[in-house]
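Each chain, letter by letter, is given below.
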Amino acid sequence: MMRNRVLYRDLNIVPENRTYLERPRLKKLFAAGMKSRVVTVIAGAGFGKTSEVYSFLQGYESNTMWIQLSEMDNQPSRLWENFVHTLFLLNEHLAARLSEMGFPDTDEKFAKYLSISGDEMIFAEKHVIVFDDFHLLHEKSVLRFFERAMSYPSPFPNMTSVLISRKEPNINIVGLISKGRVFNVSEDDLRLTESETAQYFQLFNIPLSSQSVSNIYSDTEGWVLATHLVGLSLKKSPSREQSARIAMKLNIFKMIESEVFQEISEKLQRFLIKLSLIDHLSVELVTVLAGDDEALLEEMDKISSFVRHDVYLQAYLIHHLFLDYLKKKQDILTEEERRGVYLKAAKWCGDNDYKMDAVSYYEKCGEYEAIVDTVYYHLPIQVPYNQAQFVFDIYERAPVEELEKIVIYHAQRARILMSLNRYEEAIADCEARIAKYSRLPSSAFTNRILCTEYTVLGVARYLTAPRTDRYDFDALFEKADFYYQLSPYPVSGPVTSVGLDAWASKVGTARNGAMEEYIEALSRSVPHVNNVLNGMMYGLDDLAKGELQFYRGDFKNAVLLLNQALRKAQERNQHEIRNRVLFYLLRIGIAQGDYEKIQKLFRGLEAQLDVKEYLSRYTSFDIVSSWYFSVMRQPQLTANWISGDFVKGSLGTFEESFGNFVRTKLFYSNKRYDEVLSFLENERALGAVLFGRLEMKALEAVCLYQNKNRDAALIAFKDAYDMAAPNGLSMPFTEMGNDMRTMTRVAMRYPDAGIPREWLEQINRKAATYAKRLNWVVSEYKKANNLGKDVHLSQREIEILYDAYHGLSRSEIAVSHDLSVSTVKMALSSIYSKLGADNIADVIRIALERKLIA
């Protein structure tokens with residue numbers, strides 16, 4: 001990894017090629033601060049906070065990330081987009097994983113953030129992350145994130161956070177302060193001394209007497225910007241010392257007006273005011289806004305003290321106070337001029353994946369159809385909660401008459417409502433729109449509205465089926481397809497996600513026949529949804545059929561159906577369906593003791609990490625691979641965030657349901673029975689889908705018995721039997737192996753428990769067979785990975801160890817050896833396990849002690 005590298009965004013700094021006053025005392029001060037967890041740099045505007053921090057970091061041995069904050073960063077999703085884009089420059093893989101995760105607005109997501117960050121950033125060298133203009137943040141959830149990120153034990157022992165602010169940061173870091181982990185650089189520290197003031201004027205060849213320097217210093221009190229403006233005035237006319245000091249005293253903005261703004265052309269004045277409307281000032285966007293006027297851009301380059309071209313970032317950067325001055329003049333722009341700037345900025349942000357900024361700028365220029373299109377085409381099926389709330393608030397503010405012109409608006413509003421867990425409102429909205437437009441004459445406009453409304457209503461009925469036991473959603477999808485065929489319209493690219501949670505089934509009842517009713521309705525739905533949404537759901541019906549056969553223990557038919565689902569999913573880019581198919585085939589491979597097949601399937605799961613269109617690929621892989629490694633009795637290889645606390649949210653996202661399902665299995669395999677039982681005390685933890693409730697109830701019975709609570713265990717076991725018997729479900733019991741053999745033998749001794757002996761004997765035999773095959777698979781895994789022997793590192797592990805020793809990140813190691821990041825992760829985890837190490841520092845220490853590296 002390169003050293004002395006600054007990775008920054010939107011940075012207002014002194015250009016490297018500009019003469020700059022060296023201040024050794026400040027460099028010593030900042031160097032002392034770098035030993036702390038947090039450095040706060042607090043001073044008013046114009047005290048050189050940004051310039052001094054940047055000047056120090058240019059010569060400091062570290063890798064630096066710089067994030068310029070704005071008022072717009074009070075929107076959590078917008079802050080997260082900016083944070084992730086900055087991290088992308090340092091670690092592309094980490095940025096992709098955090099982007100997929102979304103803003104950590106829950107305890108579980110924050111734990112996942114720490115886990116993923118610590119997992120990916122295995123550096124030993126110094127890193128610095130700077131947050132400039134921190135005083136602009138006031139939104140509670142945003143401040144809470146920073147508060148926790150600063151206060152919790154850091155996954156980065158060599159990371160220092162620098163907060164640049166005009167006031168004390170509104171976060172509680174008392175704990176760090178009490179431990180001496182916060183270093184403060186104050187306004188008084190940043191003031192120029194009288195000696196430094198004299199050096200400044202000497203640097204710019206402005207001859208002044210000692211008395212003149214003393215007078216200016218007395219007037220400016222060491223305020224850097226004021227000193228600089230006086231210097232600009234004196235450079236033009238050395239005899240204007242007295243008038244320059246008086247002007248500075250009267251109003252700093254007046255001095256900017258006379259010494260800077262009035263010295264440039266009217267065309268540039270107006271252009272700079274336009275630039276003050278937006279946050280993103282990429283060279284590409286600024287050039288577009290300038291109309292490719294090279295002369296205008298050349299004139300702007302001449303005021304580099306206030307607006308400069310950053311070659312590294314390829315952006316223009318405006319000094320804070322000059323920006324404040326420009327904003328006060330925005331009222332001279334016409335409405336058409338403002339709209340033009342916002343529209344061009346919105347299009348640029350959309351093209352460069354700043355989705356929330358694009359939506360914000362589209363709102364400012366009244367392009368509501370563009371907002372709806374952005375939500376439809378560029379946000380995931382289940383929109384993250386804070387993004388959904390942001391979009392919903394925009395819809396609430398928008399003129400109703402404008403929204404009514406947009407064909408898919410109401411359907412997208414219903415989708416946002418569902419993402420906010422407001423299903424009943426979404427359904428009511430769709431039904432009202434269908435009733436309204438069904439009465440109107442047929443036209444392309446009304447047909448498309450009815451198509452989208454029936455589609456969204458069908459999705460809502462489909463997702464709520466576990467609670468309603470109602471399987472008529474296929475009729476709604478059929479209606480949608482009917483109106484689509486009347487007036488076909490293009491869909492931009494395949495819809496690659498169906499928004500699955502842990503199960504393809506949406507049946508919540510144990511009622512005999514409900515499974516078949518659901519699958520029949522789903523089979524009738526898929527062709528229609530496939531037509532309307534360009535491939536969405538293709539293969540889902542076969543997945544649901546294969547899933548049911550898996551739970552019944554019919555592996556032969558399950559494999560046939562799952563392979564059919566896999567083929568269809570690959571054909572129409574249904575990545576989530578493919579992931580779940582591979583998960584079930586992996587479970588079947590273990591139950592059959594086919595180690596070679598298992599390894600092939602796992603490589604198929606790894607391959608999905610390279611599919612960028614699969615938006616939830618990292619989360620899905622973490623969940624499935626954690627299940628696999630817990631079964632292989634290698635808990636150290638599971639994703640750290642999976643081994644954290646249970647999610648007890650109320651949104652029912654796939655990450656909650658699927659993640660908690662695997663987390664219970666992991667905790668159970670690690671004999672953490674009390675934690676599993678504590679989680680299962682909440683009725684909602686059992687989930688709405690029958691398969692999930694059955695898995696959890698069977699697990700509850702075994703955990704209770706392991707905790708010596710036999711009577712409660714038998715009651716839970718009977719409940720699980722009652723859930724399973726009507727549909728002949730057996731795998732949740734079989735997969736518990738020897739523990740389930742014990743449970744069935746206990747139940748046989750207590751016939752009053754009400755569980756048929758024949759069924760218990762059957763489950764006992766299946767569990768015994770499963771246990772034997774699992775043990776064989778685990779032994780093959782250990783043999784293949786050289787586990788349980790004297791420490792021996794493979795050539796690949798030695799090469800990866802050397803790279804880690806030299807400070808490379810996982811993604812950089814992967815690129816260096818042409819490997820996937822997950823392969824590097826598993827190799828490092830294997831090294832951890834073989835060396836008995838807990839972290840990268842331990843690995844390096846032990847490896848050096850054993851002379852594995854030199």
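Residues numbered from 1 in each chain as written. Predicted model: local features only at pLDDT ≥ 70, side-chain atom pairs only at ≥ 80, totals over all residues. Heavy atoms only, no water.

## So, the overall build of the protein
Secondary structure summary: the protein contains 43 helices and eight strands in total. The proportion of buried residues among the 854 residues of the protein is 59%. Intrachain contacts of the protein at a sequence separation of at least 6 include 73% that bridge at least 24 residues. Of the roughly 35,000 Å² that the protein leaves accessible, carbon and sulfur atoms contribute 50%. (Helix = DSSP H or I, 4+ residues; strand = E, 2+ residues; numbered from the N terminus. Buried < 20%, exposed > 50% of the residue type's maximum accessible area, 1.4 Å probe, protein only. Contact = heavy atoms within 4.5 Å. Areas by Shrake-Rupley, 256 points an atom, 1.4 Å probe, with all protein chains shown as cover.)

## As for the pattern of salt bridges
The final tally for this structure, using the stated rule, is 44 salt bridges. Its salt-bridge partner being arginine 23, residue glutamate 52 comes within 3.2 Å of it at the nearest N-O pair. In this pair, glutamate 52 is assigned in helix α2 (residues 49–58) and arginine 23 in the loop between β1 (5–8) and α1 (24–33), connecting sequence segments 29 residues apart. Accessibility expressed as a relative area gives 8% for glutamate 52, which makes it buried. The network of salt bridges with shared partners includes Arg23, Arg25, Glu52 and Glu196. (Salt bridge = Lys/Arg side-chain N within 4 Å of Asp/Glu carboxyl O.)

## A look at the side chain of aspartate 481
Checked against the element boundaries, aspartate 481 lands in helix α26 (residues 473–486). One buried charged residue, aspartate 481, forms no salt bridge at all, with the nearest opposite charge on arginine 572 at 11 Å. If we ignore the near neighbours within four places in the chain, the residues touching aspartate 481 are His528, Asn531 and Val532. (Lys, Arg positive; Asp, Glu negative; His and termini not counted.)

## So, the environment of asparagine 660
Tracing the sequence through the fold places asparagine 660 in helix α33 (residues 654–669). Asparagine 660 sits in the buried class, given a relative accessible area of 8%. As a C-alpha pair, asparagine 660 and alanine 502 span 158 residues in sequence and 9.4 Å in three-dimensional space. In this structure the side chain of asparagine 660 is engaged in a polar contact, spanning 2.8 Å, whose partner is the side chain of arginine 663. (Polar contact = N/O pair within 3.5 Å; in protein donor to acceptor, adjacent residues only side chain to side chain.)

## Digging into the packing of helix α40 (residues 795–805) against helix α41 (residues 810–817)
Geometrically, a packed helix pair is captured by the angle between its two axes and the distance between the axes. Here α40 crosses α41 at 135°, and the two axes come no closer than 10 Å. Considering the angle they form, α40 stands oblique to α41. In this structure, α40 meets α41 at a crossing whose hand is right-handed. Side by side, α40 and α41 meet where Glu799, Ile800, Asp803 and Ala804 of the first sit next to Ile813, Ser816 and His817 of the second. (Axes fitted to C-alpha atoms, helices over the stretch in contact; angles between N-to-C directions. Parallel < 35°, antiparallel > 145°, perpendicular 65-115°, else oblique. Left-handed = near helix turned anticlockwise from the far one by under 90°.)

## Examining the packing of helix α25 (residues 444–468) against α26
The N-to-C vectors of α25 and α26 enclose an angle of 160°; their axes lie 8 Å apart at closest approach. Here α25 lies roughly antiparallel to α26, going by the angle between them. Here α25 runs over α26; the crossing is left-handed. Every residue of α26 that contacts α25 at Asn447, Leu450, Cys451, Tyr454, Thr455, Leu457, Gly458, Val459, Arg461 and Tyr462 is listed here: Phe473, Leu476, Phe477, Lys479, Ala480, Tyr483, Tyr484 and Leu486. Split by residue class, the contact of α25 with α26 holds 13 nonpolar, three polar and two charged. (Nonpolar A, V, L, I, M, F, W, Y, C, P; charged D, E, K, R; others polar.)

## Section: the packing of aromatic side chains
Per the counting criterion, the structure on display carries 51 aromatic pairs. Plain terms: the ring middles of phenylalanine 322 and tyrosine 325 are 6.1 Å apart, the flat faces sit at 10° to each other, and that makes the pair stacked. Placement of the pair is phenylalanine 322 and tyrosine 325 together in helix α17 (residues 320–327), with a separation of three residues, close to one helical turn. Here the two residues phenylalanine 322 and tyrosine 325 agree in accessibility, since each one is buried. Aromatic pair phenylalanine 550 and tyrosine 584: ring centres 5.2 Å apart, planes at 55°, arrangement tilted. Taken together, the positions of phenylalanine 550 in helix α28 (residues 540–551) and tyrosine 584 in helix α30 (residues 575–592) put the pair 34 residues apart, joining distant regions of the chain. Phenylalanine 550 gets classed as buried once you look at its relative accessible area, which sits at 0%. For tyrosine 584, a relative accessible area of 1% gives the class buried. Of the aromatic side chains, those joined through ring pairs into one cluster are Trp80, Phe83, Phe103, Phe110, Tyr113, Phe131, Phe134, Phe145 and Phe146. Lying across the ring of tryptophan 641, lysine 112 places its NZ or CZ 4.0 Å from the centre. It is arginine 422 that lies over the ring of phenylalanine 392; its NZ or CZ is 4.7 Å from the centre. (Phe/Tyr/Trp six-rings, centres within 6.5 Å; stacked < 30°, edge-to-face > 60°. Lys NZ or Arg CZ within 6 Å of the ring centre and 35° of its normal.)

## A look at a negative patch on the surface
Together, Asp292, Glu294, Glu298 and Asp301 give the surface a local cluster of negative charge. If you trace the backbone, aspartate 301 turns up in helix α16 (residues 294–301). Judged by its relative accessible area of 36%, aspartate 301 falls in the partly exposed class. (Patch = residues over 30% accessible without salt bridge, like charges linked within 9 Å, V, L, I, M, F, W, Y side chains within 5 Å. Charge placed at Lys NZ, Arg CZ, Asp CG, Glu CD.)

## A word on the pairing of strand β2 (residues 38–42)
Counting buried positions along β2 gives five out of five residues, so the element sits mostly inside the fold. Both faces of β2 are covered, namely the face carrying Val38, Thr40 and Ile42 and the face carrying Val39 and Val41. Looking at chain direction, β2 and strand β5 (residues 159–165) are connected through five bridges and run parallel. The partner of valine 41 across the bridge, within β5, is isoleucine 164. As defined by bridge partners, β2 adjoins strand β6 (residues 182–185) across four bridges and the pair is classed as parallel. Looking at β6, one finds that valine 41 is bridged to valine 185. (Pairing = 2+ DSSP bridges.)

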